[in-house]
Amino acid sequence: MRIIMHAVLSTAHSCPQPGARLLIAMPTPDTNPHAVGRIVTAEERPGRWAMPTFTLTVAVENADDTAARDEFPHAAVLDCYPSPQEAERWHAIDERHVKLHGYGRNHWS
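A few points on the structure. Being a predicted model, the structure only gives us computed values, none of them experimental.

So, the environment of I93
Then step 1. Inspection of the secondary structure puts I93 in helix 2 (residues 84-101).
Then step 2. Distance in space between the C-alpha atoms of I93 and Y81 is 14 Å, their sequence separation being twelve residues.

Put into C-alpha cells, the structure is as follows:
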C-alpha cells in the first residue's frame, strides 16, 4: 500500500517538480518522524502570495526515520500531513507565523 501525504509549500525557489525525492516530516501530536518522499503532484495556487505557493501530494518511499535523515543530512524538511485539510490548516498557521516572525516551516526562501 502506498502512503500519500499532503503539503502546501511556499518557496522563492523554482517550482517543485513531480518525481523529485526529498526529506519529509510527518508530524503527529507526540512525534515528528521523518521519511523519504517523492513528489507526485505539484499545483501552483492562484492568488497574491509573497512567494509562489504550491499544493503537493507526496508518496512515502521510506518511512525509516534514521535512514531518511541519513540520506538527506542537510536538507530542508517538508512537513506533510495525512489529509489536504490538515495541510491547509497548517499552511494558515504558517502564514500567520510568517507575518509575525518572518519565517514558517513550509515557507522556503
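Observations regarding the nonpolar core
Proteins that are soluble and globular tend to have nonpolar side chains buried together.
Then step 1. Counting 14 residues, the largest nonpolar core has I24, M26, L56, V58, V60, L78 and C80 as the members making the most contacts within it.
Then step 2. Among the elements of the structure, strand 1 (4-11), strand 2 (21-25), strand 3 (34-44) and strand 4 (53-62) are those that each provide at least two residues to this core.
Then step 3. The biggest single contributor to this core is strand 4, with four residues.
Then step 4. Aside from chain neighbours lying at most four places away, what touches L56 is M5, H6, A7, L9, P16, I39, T41, A42 and L78.

Some words on the pattern of salt bridges
Then step 1. As enumerated under the stated definition, the model contains seven salt bridges in all.
Then step 2. Among the ionic pairs, E61 bridges to R21, the shortest N-O distance being 2.9 Å. Placement of E61 in strand 4 and of R21 in strand 2 is noted, with a sequence separation of 40 residues between them.
Then step 3. Owing to a relative accessible area of 37%, E61 belongs among the partly exposed residues under this scheme.
Then step 4. For the salt bridge of D65 with R69, the shortest nitrogen-to-oxygen distance reads 2.4 Å. Pair noted here: D65 and R69 are both in helix 1 (residues 65-71), with a separation of four residues, about one helical turn.
Then step 5. Assessed through its relative accessible area of 38%, R69 is described here as partly exposed.
Then step 6. Put simply, R21, R38, E61 and E71 are held in one network by salt bridges that share partners.

Procedures and definitions
- Residues numbered from 1 in each chain as written.
- Predicted model: local features only at pLDDT ≥ 70, side-chain atom pairs only at ≥ 80, totals over all residues.
- Heavy atoms only, no water.
- Helix = DSSP H or I, 4+ residues; strand = E, 2+ residues; numbered from the N terminus.
- Core = buried A, V, L, I, M, F, W, Y, C linked by side-chain atoms within 4.5 Å.
- Buried < 20%, exposed > 50% of the residue type's maximum accessible area, 1.4 Å probe, protein only.
- Contact = heavy atoms within 4.5 Å.
- Salt bridge = Lys/Arg side-chain N within 4 Å of Asp/Glu carboxyl O.

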